[in-house]
Amino acid sequence: MFGILGQLVPAVIAAAVYGTFKTVTSYDAYFGRSPSSSTQPSGPGLYCTQPYRVYTGFEDAIWKYPELATCFDVLADGRFGSVWNSRDEISWWRKLWIREVDGWVFPGFWDGHAHLTQYGMMEVGVKAYDQTVPQIITSILTYLEKDPTYGTRSKWVLGTGWDQAYFGGKMPTAEDLVSNPLLTNLYIALYRVDVHCMWVSPAVLRLLPDPLPPTPPGGSIPSNGVFCDNAMDDMILPLIPEITEDDIENFITTAVPALHSVGLVGIIDAATAMKEVPVYKRLAESGKLDFRVYGMVECIKRNSFCDLEKYHFADKAGQFTLTSAKIFADGALGSWGAALIEPYSDKPTRGSMLINETELAKVVSQWYAADWQVGVHAIGDAANRAALNAFEIAMKLHPDIDNDKKFKIEHAQIIHPDDQKRRIDICKKAGVRLEGCIVPSIQPTHATSDMAYALSRLGPQRLKDSAYRMQSLFPEVQVRFSHPPHPVLGSDFPVEPPSPIEGMYAAVTRCSPRLETCERDAVWDDEKLDILQAVQGFGRNVGWTGMLEGWMQVGQMGGWADWVVLDHDLFSKKVDLRKVKVKETWIGGKRVFKREAEPVVEDEPVVEAEPVFEGIKVQA
Ligand SMILES: *[C@@H]1O[C@H](CO)[C@@H](O)[C@H](O)[C@H]1NC(C)=O
Ligand SMILES: [Zn+2]
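Residues numbered from 1 in each chain as written. Chains lettered and ligands numbered in written order. Predicted model: local features only at pLDDT ≥ 70, side-chain atom pairs only at ≥ 80, totals over all residues. Heavy atoms only, no water.

A. Focus on unusual backbone geometry. Going from Asp210 to Pro211, the amide bond is cis rather than trans, its omega being 0 degrees. With respect to the helices, strands and loops of the structure, Pro211 is situated in the loop between α6 (202-205) and β13 (219-223). Look at the link from Phe493 to Pro494: it is a cis peptide, with omega at 10 degrees. Despite not being glycine, Asp371 shows a phi value in the positive range, around 70 degrees. Its location among the elements puts Asp371 in the loop between α10 (357-369) and β18 (373-378). Take Asp371: its relative accessible area is 31%, and that puts it in the partly exposed class. (Helix = DSSP H or I, 4+ residues; strand = E, 2+ residues; numbered from the N terminus. Buried < 20%, exposed > 50% of the residue type's maximum accessible area, 1.4 Å probe, protein only.)

Next up, the structure:
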């Protein structure tokens with residue numbers, strides 16, 4: 001559809017077409033005020049690239065070209081000011097103040113669904129990604145070598161990232177975690193890569209009653225030592241030593257610099273625990289967050305309604321808000337936890353709902369009646385159907401509530417063809433503008449990561465009709481003369497790596513950014529997005545669905561002065577998105593990240609040290 005133009009037109013042609021580009025806002029930073037020195041690295045001023053290397057975050061309403069410019073102002077209050085098409089439009093005296101930017105400028109990237117504290121916890125804890133069991137044991141020992149105080153009842157070894165795909169498809173056991181004698185009595189708990197299961201050590205198992213109580217509904221215990229979904233929530237999480245506010249602050253401040261380095265300026269935090277809220281508020285208000293977080297609150301009791309006050313930015317830099325709630329309808333596909341209408345193709349189960357339909361409709365309606373936005377995690381087609389039912393019921397029960405952008409489906413991964421159509425019908429019936437109605441929030445890298453097993457889980461027909469929709473969720477009717485379509489994209493980090501550019505790559509190629517070659521069914525190709533949709537999906541569309549519009553204009557010139565400098569143009573036909581590097585990241589007119597020049601690589605062979613713990617050689 002309209003994709004071809006946005007994708008293929010080189011920047012120069014786009015610039016020529018937009019020769020009549022107008023300034024976006026009418027602020028004037030300079031009259032009556034002298035600009036700061038051009039030698040300062042941050043702060044207000046006039047920034048210019050080579051011609052047409054600034055993407056403004058807008059596109060032409062009809063032809064969908066990205067709008068490009070050359071110079072932009074940053075005002076003293078941390079917002080973008082005017083934008084200039086070319087240097088010729090700038091008066092001679094202001095030209096004296098130009099700061100040269102070496103690269104391509106894009107509005108700062110946003111992640112539409114991510115988990116900030118879990119990412120920080122992952123950064124602080126053991127990393128078990130892409131590893132076999134012996135490699136994970138080695139990782140734990142290396143971790144303990146750095147800080148041997150971990151592993152006690154009051155300070156567990158925590159980590160994230162394992163996937164039984166690396167264990168020959170077999171779920172691990174508690175015993176596997178203590179295959180090294182140094183670990184025998186330690187308290188160890190590792191999240192599966194999808195954060196839906198936890199693998200624990202025998203010491204943790206000993207805290208549970210023997211024999212184990214019945215597995216709670218919506219949970220599973222696939223092996224002696226692994227607890228999934230409600231079994232993890234009810235039986236394991238309560239045993240973990242309480243995470244303090246200091247821990248949370250440590251997780252956040254550890255995560256944020258890593259996120260800056262991939263060009264992120266903000267996220268929708270897809271499950272903000274109540275306990276995190278005061279920490280975010282404090283960091284934001286003291287100006288120490290250096291990041292924008294739009295939280296989706298999760299009550300202390302998962303999948304419930306808790307009567308709390310909405311929180312709009314109190315900090316003038318606009319760094320934390322909380323007006324959305326998170327509900328989990330089902331689990332994940334990888335662990336057969338996603339709730340399906342028909343049984344899985346590779347196991348006689350339909351997965352399970354984490355909350356029954358009646359209760360889901362009730363909780364969704366409660367949040368909606370209190371005028372909150374509600375995001376329902378729904379991966380399987382049964383969960384997606386249940387979410388639609390719940391939204392429909394909520395709108396019928398409370399016709400007085402403004403229904404624009406009030407509902408999101410997180411993941412929206414497998415949607416029955418009837419429900420793909422029904423989503424639009426529900427919106428039409430309720431009189432919601434389509435763009436703001438039941439917004440799917442999608443992770444392009446989930447599709448490419450799940451590709452390895454999606455066919456066996458779902459079978460060919462379901463994969464073809466129902467799974468991993470992207471382009472078809474944004475029908476053409478929305479495009480012309482109305483609000484642009486709005487794929488809201490994210491990574492779900494730490495489930496996937498946080499790089500938004502890798503996400504864009506997955507969205508436009510439907511290939512894994514981590515693999516050199518890409519073999520896939522034609523099914524995957526039909527749902528590609530174009531690069532303009534992908535860039536906006538990791539930017540302004542996220543702000544828009546987070547209701548961060550108006551003066552804030554997330555991801556657009558005119559709003560907060562959040563931008564990134566890239567070493568290549570994302571809109572160039574020739575660019576390999578996997579190689580694009582973020583050189584700088586700016587938030588509110590302040591530079592928060594600058595990539596150091598790459599050190600010259602010496603050609604010496606790297607000798608990997610074998611991890612040693614307390615003098616004993618580790619078998620890896
Ligand atoms: C649904 O869940 C609620 C709360 O857990 C429970 O009270 C109710 O009986 C359940 N309804 C059905 C039909 O299972
Ligand atoms: Zn998530």
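B. Highlighting the environment of Ile137. If you trace the backbone, Ile137 turns up in helix α5 (residues 133-146). Put simply, Ile137 and Leu183 are 46 residues apart on the chain and 8.8 Å apart in space, counted from C-alpha to C-alpha. For Ile137, the residues in contact, after removing those within four places along its chain, are Asp176, Leu177, Ser179, Asn180 and Leu183. (Contact = heavy atoms within 4.5 Å.)

C. Molecular detail of the pattern of salt bridges. As enumerated under the stated definition, the model contains 32 salt bridges in all. Residues Asp73 and Arg94 are paired through a salt bridge, measuring 3.6 Å at the closest nitrogen-oxygen approach. You can see Asp73 sitting in strand β4 (residues 71-74) and its partner Arg94 sitting in helix α3 (residues 92-95), a full 21 residues away along the chain. A salt bridge links Lys396 to Glu392, with the nearest nitrogen and oxygen atoms 4.0 Å apart. Pair noted here: Lys396 and Glu392 are both in helix α11 (residues 381-397), with a separation of four residues, about one helical turn. Residues participating in the shared-partner salt-bridge network are Arg385, Glu392, Lys396, Asp419 and Arg422. (Salt bridge = Lys/Arg side-chain N within 4 Å of Asp/Glu carboxyl O.)

D. Structural detail: the state of the cysteines. Considering all chains together, one arrives at five disulfides under this definition. A sulfur-sulfur separation of 2.0 Å characterises the disulfide bridge that pairs Cys299 with Cys306. Residues Cys299 and Cys306 are joined by a disulfide whose S-S torsion is about -90 degrees; by sign, that bridge is left-handed. There is a disulfide in this structure between Cys427 and Cys437, and the S-S distance comes to 1.8 Å. Its torsion about the S-S bond being -85 degrees, the disulfide of Cys427 and Cys437 is classed as left-handed. Highlighted residues: Cys427 in helix α12 (residues 417-430) and Cys437 in the loop between α12 and β20 (439-442), separated in sequence by 10 residues. You'll find Cys427 and Cys437 in the same group, each marked buried. Indicated for the chain is the disulfide connectivity 1-2, 3-4, 5-6, 7-8, 9-10, based on numbering the bonded cysteines in sequence order. (Disulfide = S-S within 2.5 Å.)

E. Inspection of the packing of aromatic side chains at higher detail. One pass over the full model with this rule turns up 22 aromatic pairs. Each ring, one from Tyr47 and one from Phe72, has its centre 5.6 Å from the other, and the planes form 15 degrees; the classification is stacked. Here the residue Tyr47 occupies a position in strand β1 (residues 45-48), and Phe72 occupies one in strand β4, the gap between them amounting to 25 residues. Like Tyr47, the residue Phe72 is buried in the burial classification. One aromatic cluster is present, built from ring pairs that chain together Tyr47, Phe72, Phe80, Trp563 and Trp586. Geometry around Tyr150 places Lys155 over its ring, the cationic atom sitting 4.4 Å from the centre. In this structure, Lys347 packs its charged tip against the face of Trp336, placed 4.3 Å from the ring centre. (Phe/Tyr/Trp six-rings, centres within 6.5 Å; stacked < 30°, edge-to-face > 60°. Lys NZ or Arg CZ within 6 Å of the ring centre and 35° of its normal.)

F. Highlighting the pairing of strand β24 (residues 590-594). As judged from the four bridges shared by strand β23 (residues 582-587) and β24, these two strands associate in the antiparallel manner. Following the sheet pairing, Ile587 is matched in β24 by Lys590. Remark: two residues form the turn of the hairpin made by β23 and β24, two consecutive strands paired antiparallel; Gly588 in that turn has positive phi of roughly 55 degrees. (Pairing = 2+ DSSP bridges.)

G. Geometry of α12. Between its terminal C-alpha atoms α12 stretches 20 Å, which fits the 20 Å expected from 14 residues at 1.5 Å a residue. Among the residues of α12, those classed as buried are Asp419, Gln420, Arg423, Ile424, Ile426 and Cys427. In the segment just after α12, Gly431 is the residue with positive phi, at about 70 degrees. (Expected span 1.5 Å × (residues − 1).)

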